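Commentary on secondary and tertiary structure
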Amino acid sequence: MDKMITSAARRARRIFSSNQPLTDPVFGRVGEQFNRAQYFVRIYYIVSAFISYSLMNGLHARVLRSGEWDYLWPLAWLAQINDNSIIEWLPVAALFASLFAFQFPAFRVFRVVFAILCLFTAAAFNSQGSISHGLHVWFWIGFGLVFLPNAPANHAVPRTVKMTYLSVIVAVQALILFFYTLAGFWKILAGLTSLLRGVEGNFSPRGLSLQLADRMLQTGTSPLLADVVIANFWLSWPMFLALIYIQLVAVIIVLRPRLHVLWGYLLMMFHLGTWLLMEIAFQHHILFLGLLFVMSPFRPRSWTVRDAISDLPVFGRLLALGWRTHPDKRVGPVPAE
Amino acid sequence: MNKYVSYRLSRQLGAFLICAYTLMAVFGTRPDGLETFPFFNWSLFSTSSGVRSDVVVRVHSIDGRELSSPRLYYDMKETFMHARRQDPNLFKIADRLMIAIRENDSAVVSNLRGLIERRYMAEASTAKYDLSVLIYNPVDRLQTGAVKRIMVLATYEKAADG
């Protein structure tokens with residue numbers, strides 16, 4: 001069974017990985033990636049302290065304003081206690097837990113406690129009858145980091161521990177990118193359904209315009225660029241198709257480190273777009289995309305534009321055929337031999 | 001745990017997380033159709049269509065004064081405070097009222113009517129209104145106000161003592 005899983009995973013990795021190997025030196029690379037990953041983990045926890053702190057005021061106001069709570073399952077125990085003031089202490093406790101996890105990154109217990117309190121805090125924000133999704137990514141990164149091995153600072157860390165550490169970071173990156181792949185998948189499914197029915201849908205020139213107009217009608221909002229995009233749907237059509245592609249293939253990008261930085265920025269632009277066109281903001285996603293992908297521990301030190309283009313899923317190699325680059329024309333410093 | 005075993009397990013962690021998450025988020029939807037927090041299938045604004053429908057409240061008269069044509073509740077910002085605030089709860093109540101009418105559930109209909117008349121039409125002592133379904137093309141309706149079809153589900157009156 002174990003052999004079957006390992007062989008299937010290898011095969012999948014081979015299919016989805018880039019066929020252009022990175023040029024950074026292999027042995028030096030693991031050490032550098034491990035150092036970057038450790039920084040990422042610590043930054044995540046200090047950022048979590050910031051998020052916990054910024055949530056305190058909102059939760060306090062909700063407790064004061066409303067007696068109506070419909071607790072989600074992680075907070076079902078609060079219904080027994082019947083004391084809403086405990087809700088206000090959840091982000092305070094999450095802040096302390098994140099500071100401990102930041103200060104003592106080698107101790108899993110603090111990461112576990114933080115993940116639980118992060119879940120409680122996010123649940124509290126969604127326990128008033130409807131669920132919003134701005135805090136989901138925050139929780140899932142924290143949950144993934146629970147699996148990190150203990151890698152004590154100021155000690156020589158064995159290579160297997162470094163590799164385990166990096167594998168957990170890859171898993172977290174994969175899960176977060178998978179959220180975008182799911183979003184792309186539903187758009188493809190709905191687009192194909194409309195095509196089969198012969199009606200306007202996601203793949204039609206007015207696909208995005210229809211979506212934006214309906215949102216404006218329902219919410220009465222006037223997003224900054226919505227009118228322009230609705231009026232010029234021949235411009236927005238390719239943008240929308242490109243967005244569906246960027247989302248759908250996102251999870252594959254985890255195995256193509258040359259594209260981590262690019263996809264981090266592209267997904268940030270997507271969130272900027274949801275604000276400019278729909279007044280929907282996912283603030284924390286900008287932060288976490290920056291940390292996980294723009295500052296990815298796996299971003300190569302040097303790469304060529306041609307290699308990056310050929311890494312694009314589905315049609316990268318086709319595009320790269322028409323791109324002539326001198327093999328030494330690399331972006332970033334050339335690694336020492 | 002042996003460090004090598006731990007490493008081998010961690011190599012499969014990403015695939016495991018994705019499979020487990022998919023099971024919960026896509027196939028683990030609750031019987032009432034709601035998501036199981038913190039799992040979510042990330043289907044946000046997935047479908048665009050040239051034919052949309054919307055359940056709306058349209059007002060025919062206020063305080064005995066007949067309007068020249070029925071007006072959408074949310075367009076009457078000069079009259080109703082909740083229309084000015086674009087309070088989204090009336091959307092949900094209108095949807096629930098439509099379901100109650102279809103299921104012939106008079107108790108729920110009466111309850112929701114009371115809520116609409118007392119809370120959302122508090123500024124009017126009497127009013128005549130209907131619950132309708134609008135069928136429209138979103139872009140056309142936004143740009144010109146055009147609606148393809150209006151289906152009136154029920155017409156109600158808020159009485160002076162209501």
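Quick caveat, the model's predicted, so the values are computed rather than measured.

What counts, and at which threshold
- Residues numbered from 1 in each chain as written.
- Chains lettered and ligands numbered in written order.
- Predicted model: local features only at pLDDT ≥ 70, side-chain atom pairs only at ≥ 80, totals over all residues.
- Heavy atoms only, no water.
- Helix = DSSP H or I, 4+ residues; strand = E, 2+ residues; numbered from the N terminus.
- Rg over C-alpha atoms; globule rule 2.2 N^0.38 Å.
- Buried < 20%, exposed > 50% of the residue type's maximum accessible area, 1.4 Å probe, protein only.
- Pairing = 2+ DSSP bridges.
- Axes fitted to C-alpha atoms, helices over the stretch in contact; angles between N-to-C directions.
- Contact = heavy atoms within 4.5 Å.
- Phe/Tyr/Trp six-rings, centres within 6.5 Å; stacked < 30°, edge-to-face > 60°.
- Patch = residues over 30% accessible without salt bridge, like charges linked within 9 Å, V, L, I, M, F, W, Y side chains within 5 Å.
- Areas by Shrake-Rupley, 256 points an atom, 1.4 Å probe, with all protein chains shown as cover.
- Salt bridge = Lys/Arg side-chain N within 4 Å of Asp/Glu carboxyl O.
- Domains from an automatic or database assignment.
- Parallel < 35°, antiparallel > 145°, perpendicular 65-115°, else oblique.
- Left-handed = near helix turned anticlockwise from the far one by under 90°.
- Nonpolar A, V, L, I, M, F, W, Y, C, P; charged D, E, K, R; others polar.
- Buried area = accessible area lost by both parts, 1.4 Å probe.
- Polar contact = N/O pair within 3.5 Å; in protein donor to acceptor, adjacent residues only side chain to side chain.
- Expected span 1.5 Å × (residues − 1).
- Lys, Arg positive; Asp, Glu negative; His and termini not counted.
- Charge placed at Lys NZ, Arg CZ, Asp CG, Glu CD.

1. Some details on the overall build of chain B
- Scanning chain B for helices and strands turns up 5 helices and 4 strands.
- From first element to last, N terminus to C terminus, chain B shows the α and β order α-β-β-α-α-α-β-α-β.
- Scaling as 2.2 N^0.38, a compact globule of 162 residues should have a C-alpha radius of gyration of about 15 Å, whereas chain B reaches 23 Å, well beyond that.
- Summarising its shape, the C-alpha atoms of chain B cover approximately 80 × 35 × 30 Å along the three principal directions.
- In chain B, buried positions account for 43% of the 162 residues.

2. A word on the sheet that holds strand 1 (residues 52-62) of chain B
All names here are of chain B.
- Ordered in space as 2-1-3-4, the 4 strands form an open sheet in which the pairing is antiparallel. Every interior strand has two partners, whereas the edge strands, strand 2 (65-72) and strand 4 (149-158), have only one. Ignoring strand direction, the axes of neighbouring strands in this sheet form an average angle of 20°.
- As judged from the 4 bridges shared by strand 1 and strand 2, these two strands associate in the antiparallel manner. Pairing of R58 across the sheet is with L72, part of strand 2.
- Contacts from helix 4 (residues 106-120) reach strand 3 (127-136) and strand 4, with the element oriented near 80° to strand 4.

3. Here's the deal with the packing of aromatic side chains
Residues and elements named next belong to chain B.
- Inspection of every chain in the model, using the stated rule, returns 33 aromatic pairs over all chains.
- Look at Y21 and F39: their rings are 5.5 Å apart centre to centre, the planes differ by 45°, and that puts the pair in the tilted class. Of this pair, Y21 sits in helix 1 (residues 3-27) while F39 sits in the loop between helix 1 and strand 1, and the two are 18 residues apart along the sequence. Each member of the pair, Y21 as well as F39, carries the same accessibility label: buried.

4. Brief notes about a nonpolar patch on the surface
- A cluster of nonpolar side chains, contributed by F96, F100, F104, F107, V109 and V113 of chain A, occupies part of the molecular surface with about 550 Å² of accessible area.
- Along the chain, V109 of chain A turns up in helix 5 (residues 108-125).

5. Let's talk about the domain arrangement of chain B
- Entries for chain B in the domain assignment read domain 1 (1-47) and domain 2 (52-158).
- Averaged C-alpha coordinates put domain 1 of chain B and domain 2 of chain B at centres separated by 40 Å.

6. Here's the deal with the pairing of strand 3 of chain B
Residues and elements named next belong to chain B.
- In terms of residue burial, strand 3 counts as a mostly covered element, since 9 of its 10 residues are buried.
- Bridging between strand 1 and strand 3 involves 10 bridges; their strand directions are antiparallel. Directly across from S61, in strand 3, lies its bridge partner K128.
- Relative to strand 4, strand 3 runs antiparallel, the two being bridged by 9 bridges. Counterpart to Y129 in the pairing with strand 4 is Y156.

7. Focus on the pattern of salt bridges
- Per the counting criterion, the structure on display carries 10 salt bridges over all chains.
- For D307 of chain A, the salt bridge identified is with R258 of chain A, shortest N-O distance 3.8 Å. Within this pair, whereas D307 of chain A is found in helix 14 (residues 305-310), its partner R258 of chain A is found in the loop between helix 11 (250-253) and helix 12 (260-278), the two being separated by 49 residues in sequence. Here D307 of chain A and R258 of chain A have matching classes, each one buried.
- A salt bridge links E117 of chain B to R113 of chain B, with the shortest nitrogen-to-oxygen separation between them at 3.1 Å. Here E117 of chain B pairs with R113 of chain B, and both are found in helix 4, just 4 residues apart, close to one helical turn.
- Look at E117 of chain B and you get buried, because its relative accessible area is 8%.
- Assessed through its relative accessible area of 24%, R113 of chain B is described here as partly exposed.
- Through salt bridges with shared partners, one network takes in E32, R36 and R301 of chain A.

8. Concerning the packing of helix 3 (residues 89-102) of chain B against helix 4 of chain B
Residue and element names in this part refer to chain B.
- One can describe the packing of helix 3 onto helix 4 by two numbers: an axis separation of 9 Å at closest approach and a directional angle of 155°. Our classification of the angle between helix 3 and helix 4 gives roughly antiparallel. Taken as a pair, helix 3 and helix 4 cross one another with a handedness that is left-handed. When helix 3 is examined against helix 4, the residues N89, L90, I93, R96, L97, A100 and I101 are found in contact with a partner set consisting of V108, V109, L112, L115, I116 and Y120.
- Among the residues making up the contact of helix 3 with helix 4, the classes are represented as 11 nonpolar, 1 polar and 1 charged.

9. Things to note about the interface of chain A and chain B
- Taken residue by residue, the interface counts 59 residues in chain A and 42 residues in chain B.
- Approximately 4600 Å² of surface area, both sides summed, lies buried where chain A meets chain B, with 67% of it carried by carbon and sulfur atoms.
- Run the count over chain A and chain B and you get 2 salt bridges.
- For R52 of chain B, the salt bridge is made with D214 of chain A, and the minimal N-O distance between the two is 3.0 Å.
- At the junction of chain A with chain B, the criterion picks out 11 residue pairs in polar contact (both at pLDDT 80 or more).
- Of all elements in the fold, only helix 1 (2-16), helix 5, helix 6 (136-145), helix 7 (159-197) and helix 8 (207-219) of chain A reach the threshold of two or more residues within the side of chain A that touches chain B.

10. Considering helix 4 of chain B
Residue and element names in this part refer to chain B.
- For helix 4, built from 15 residues, the straight-helix expectation of 21 Å at 1.5 Å per residue is met to within 8% by its first-to-last C-alpha distance of 20 Å.
- Taken together, the buried positions of helix 4 are occupied by V109, L112, G114, I116, E117 and Y120.
- At its buried positions, helix 4 is contacted by helix 2 (81-84), helix 3, strand 3 and strand 4.

11. Focus: a positive patch on the surface
- On the surface, R10, R11 and R14 of chain A together with R11 of chain B cluster together into a positively charged patch.
- Summarising the element assignment, R10 of chain A is placed in helix 1.

12. A closer look at the environment of L115 of chain B
Residue and element names in this part refer to chain B.
- Among the structural elements, L115 can be located in helix 4.
- Residue class for L115 comes out partly exposed when judged on its relative accessible area of 35%.
- Sequence separation between L115 and I93 is 22 residues, and the spatial gap between their C-alpha atoms is 8.6 Å.
- Once you skip the residues sitting within four places of it in the chain, L115 turns out to touch I93 and Y120.

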